Amino acid sequence: MEFLPKLSQHLLEILDDEEYYDITIEVGNDPNVKIFKAHMVILNYRSPYLRRILSTNKKKNDGTLVHIKLPNISPEIFQIILRYIYGGKLTLEEYDISDIFKILVTANELSLQELNNYLQSFLVKNKTSWIEQNFNLVYQTSFENDSFLELQKYCNNLISKKPVELFKSLNFSLIPEKVLISLVQNDNLQMKEIQVWEHVLKWGFAQNPELPSHLTNFSKNDFNLLKNTLQQCIPFVRFYNLTSQEFSDKVLPFKKILPKELYMDLLKSFLNLHPNSKLSGKSKPRNNFETIDSKIITFQHVELISKWIDRLDITDDLIALYEFKLMLRGSRDGFSANKFHEICDNQSRTITIVKVKDSDKILGGYNPIEWKSARGYGSTRDSFIFSFENSDSIENYILSRVVNGNYAIWNEYNYGPYFGNDDLVLYGNNFFGSSYCVKRDYEKPIRETGDNFSVEEIEVFQITKIISI
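To keep things clear, this report deals only with the structure shown in the data block. Nothing here was measured: the structure is a model prediction, and the numbers come from that model.

Take the pattern of salt bridges next. A side chain with one charge may pair with a side chain of the opposite charge, provided their charged atoms come close. Following the criterion strictly, the structure yields twelve salt bridges and no others. Note that R83 is salt-bridged to D16, the shortest N-O span being 3.3 Å. One end of the pair, R83, is in helix α4 (residues 75-87); the other, D16, is in helix α1 (residues 4-16), with 67 residues separating them in the sequence. Linking K361 and E448 is a salt bridge whose minimum nitrogen-to-oxygen distance equals 3.6 Å. Linking K361 in the loop between β5 (350-356) and β6 (362-367) with E448 in the loop between β12 (424-425) and β13 (455-468), this pair joins segments that are 87 residues apart in sequence. With a relative accessible area of 68%, E448 lands in the exposed category. Bridged by salt links that share partners, the residues D293, R329 and E459 form one connected network.

In this section: helix α13 (residues 220-230). Buried residues of α13: D222, F223, L226, T229 and L230, and no others. Buried residues of α13 fall within an arc of 125° about the axis and therefore sit on the same side. Structural note: α13 exposes K220 and N221 on the side pointing more than 90 degrees away from its buried face. Where α13 is buried, its residues contact α11 (177-185) and α12 (193-207).

A separate point is the packing of α12 against α13. Each packed pair of helices is defined by two parameters, the angle between the axes and the distance between the axes. Relative orientation of the contacting elements α12 and α13 amounts to 115°, with a least axis distance of 9 Å. With respect to their mutual orientation, α12 and α13 come out roughly perpendicular. Considering only the axes of α12 and α13, their crossing is right-handed. Together, V200, L201, W203, G204, F205 and Q207 of α12 and L226, T229 and L230 of α13 make up the contact between the two elements. Its residues assigned to classes, the contact of α12 with α13 comprises six nonpolar, three polar and no charged.

What follows is about the nonpolar core. In a soluble, globular protein the nonpolar side chains are often hidden away together inside. Counting residues in each nonpolar core, the largest one holds 84 residues, and the members touching the most others are I25, L43 and W197. In terms of residue count, the dominant contributor to this core is α4 (eight residues). Two domains each provide a minimum of three residues to this core, namely domain 1 (3-89) and domain 2 (178-272). Apart from residues no more than four positions distant in its own chain, L43 is found in contact with I23, I25, A38, L50, L54, L82, I85 and Y86.

This part covers the packing of aromatic side chains. Taken as a whole, this structure holds 27 aromatic pairs when the rule is applied. For the ring pair F36 and F78, a centre distance of 5.1 Å and an interplane angle of 65° mean the geometry is edge-to-face. One end of the pair, F36, is in strand β2 (residues 32-38); the other, F78, is in helix α4, with 42 residues separating them in the sequence. Considered together, F36 and F78 belong to a single accessibility category, that of buried residues. Each ring, one from Y415 and one from Y418, has its centre 5.1 Å from the other, and the planes form 65°; the classification is edge-to-face. Pair check on accessibility: Y415 and Y418 agree, each one buried. An aromatic cluster is present here, built from W197, F205, F218, F223, F239 and F254 joined pairwise through their rings. When the ring centre of Y84 is taken as reference, the NZ or CZ atom of R46 above it lies at 5.2 Å. Here the guanidinium or amino end of K357 rests over the ring plane of F431, the centre of that ring lying 5.8 Å away.

Turning our eyes to something else, we now look at helix α14 (residues 244-251). Those residues of α14 not exposed but buried are S244, F247 and V251. End-on, the buried residues of α14 take up no more than an arc of 85°, which puts them together on one face. Tucked inside the fold, the buried residues of α14 contact α12 and α15 (260-271).

Looking at the secondary structure, you find I35 in strand β2. Sequence separation between I35 and I68 is 33 residues; the distance between their C-alpha atoms is 9.8 Å.

Before going further, it helps to spend a moment on the sheet that holds strand β3 (residues 66-70). Strands sit in the order β2-β1-β3 across an open sheet of three strands; the sheet is mixed. Every other strand in the sheet has two partners, leaving β2 and β3 as the edge strands with one partner each. Within this sheet the neighbouring strands show an average axis-to-axis angle of 20°, counted without direction. Sitting on the sheet, helix α3 (residues 48-55) touches β1 (23-29) and β3, and the angle it makes with β3 is about 130°.

Further remarks concern the side chain of K361. Overall, the relative accessible area of 6% leaves K361 in the buried class. Beyond its immediate sequence surroundings of up to four residues, K361 is in contact with V354, K355, V356, S387, F388, E389, I446, R447 and E448.

Thresholds, definitions, all that
Residues numbered from 1 in each chain as written. Predicted model: local features only at pLDDT ≥ 70, side-chain atom pairs only at ≥ 80, totals over all residues. Heavy atoms only, no water. Salt bridge = Lys/Arg side-chain N within 4 Å of Asp/Glu carboxyl O. Helix = DSSP H or I, 4+ residues; strand = E, 2+ residues; numbered from the N terminus. Buried < 20%, exposed > 50% of the residue type's maximum accessible area, 1.4 Å probe, protein only. Arc of directions from axis to C-beta. Contact = heavy atoms within 4.5 Å. Axes fitted to C-alpha atoms, helices over the stretch in contact; angles between N-to-C directions. Parallel < 35°, antiparallel > 145°, perpendicular 65-115°, else oblique. Left-handed = near helix turned anticlockwise from the far one by under 90°. Nonpolar A, V, L, I, M, F, W, Y, C, P; charged D, E, K, R; others polar. Core = buried A, V, L, I, M, F, W, Y, C linked by side-chain atoms within 4.5 Å. Domains from an automatic or database assignment. Phe/Tyr/Trp six-rings, centres within 6.5 Å; stacked < 30°, edge-to-face > 60°. Lys NZ or Arg CZ within 6 Å of the ring centre and 35° of its normal. Pairing = 2+ DSSP bridges.

Encoded structure:
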């Protein structure tokens, strides 16, 4: 037999019955104030927070009702919470997600831990898109105290995988220092270390809006102010994961805010290093397996391209992740067609990534079949080409799948990677200086012009499925 539903019903009837109440609760602020009638014995045993308040508001012997005030809670939300306190029921389908979040915050304030845990799990499991859209609110609320551990964990995982988009959504002037430090410490943060440093600086400037906008105008006091602001955060930036060029361009100008010992060691470490090289072993790398040996793209791009390979929608959950094993890099191996064919011929399942010279634009293509030196078309229905507006974000992209599979790939010894009949062509010995894109056999153009361009960097990766998620 089920007795609990009947008990819940009777307790709610007690709440609605005004005959036996012994406490009034004034909730809200002018002009939105409402008086609720309730029973001390139920509140005392259901809410530790209300128990503490009631312990200082003992009932008087003259029959005067106990009266307490909760000005920080809205009457509408408190009414929902009060019915949960009495009846132990909450039908979430009746409320907007924004109201559910307010209920969660109120449940935490009233120390209703069971409801707090339930609502956190509900949001994480069922309302992830809302969390992303309201990430600033959710993230900062979750770190106000340690009662939102599940939300904290979810937000940290999310910002690890989508750091650029979510960093943009955060109001940096409002992020508490401990929150910023938790982000910078995160081993799984899918962001280049130079971007981490730039965001730390951005936060430091946001805390001190009186600082000059240009470093050339900084006084000694200005440097000291920024140094004091960032002194707790700087030790967690993994400077040794930067390239020598990044250190020279982005860190050296701020040497006065670094601890002297750290600056001197960094200077000695980077002094004789090639501009595009990195140190090894000095800092723990981020991301565990979630790394990519690339000077052009980040792990965010890897996740998105993995979805494209498996023909998933961008909003779908990632089913399989691919390892991108670097085969060729122009700045290391050369920018010639001969070198491309020497390294990549007879290799299948390759991703070509190109950084366009004098531009932030990235171009690329996936070839599931083998590259050849002999002239002729390669046939496949699974190839695609793509472009990104810049290397820091995956928001603005074009994906173009092959339409005419018989002309998906062109092979010829004096050309580099060649997709379709001119859709993406890397050609010319001067850094592939006569490369171009003209729509022919793929769905859409990936570049706004068919004019020739030069290649600043090219990378070719071979992909292998390494994990199912």
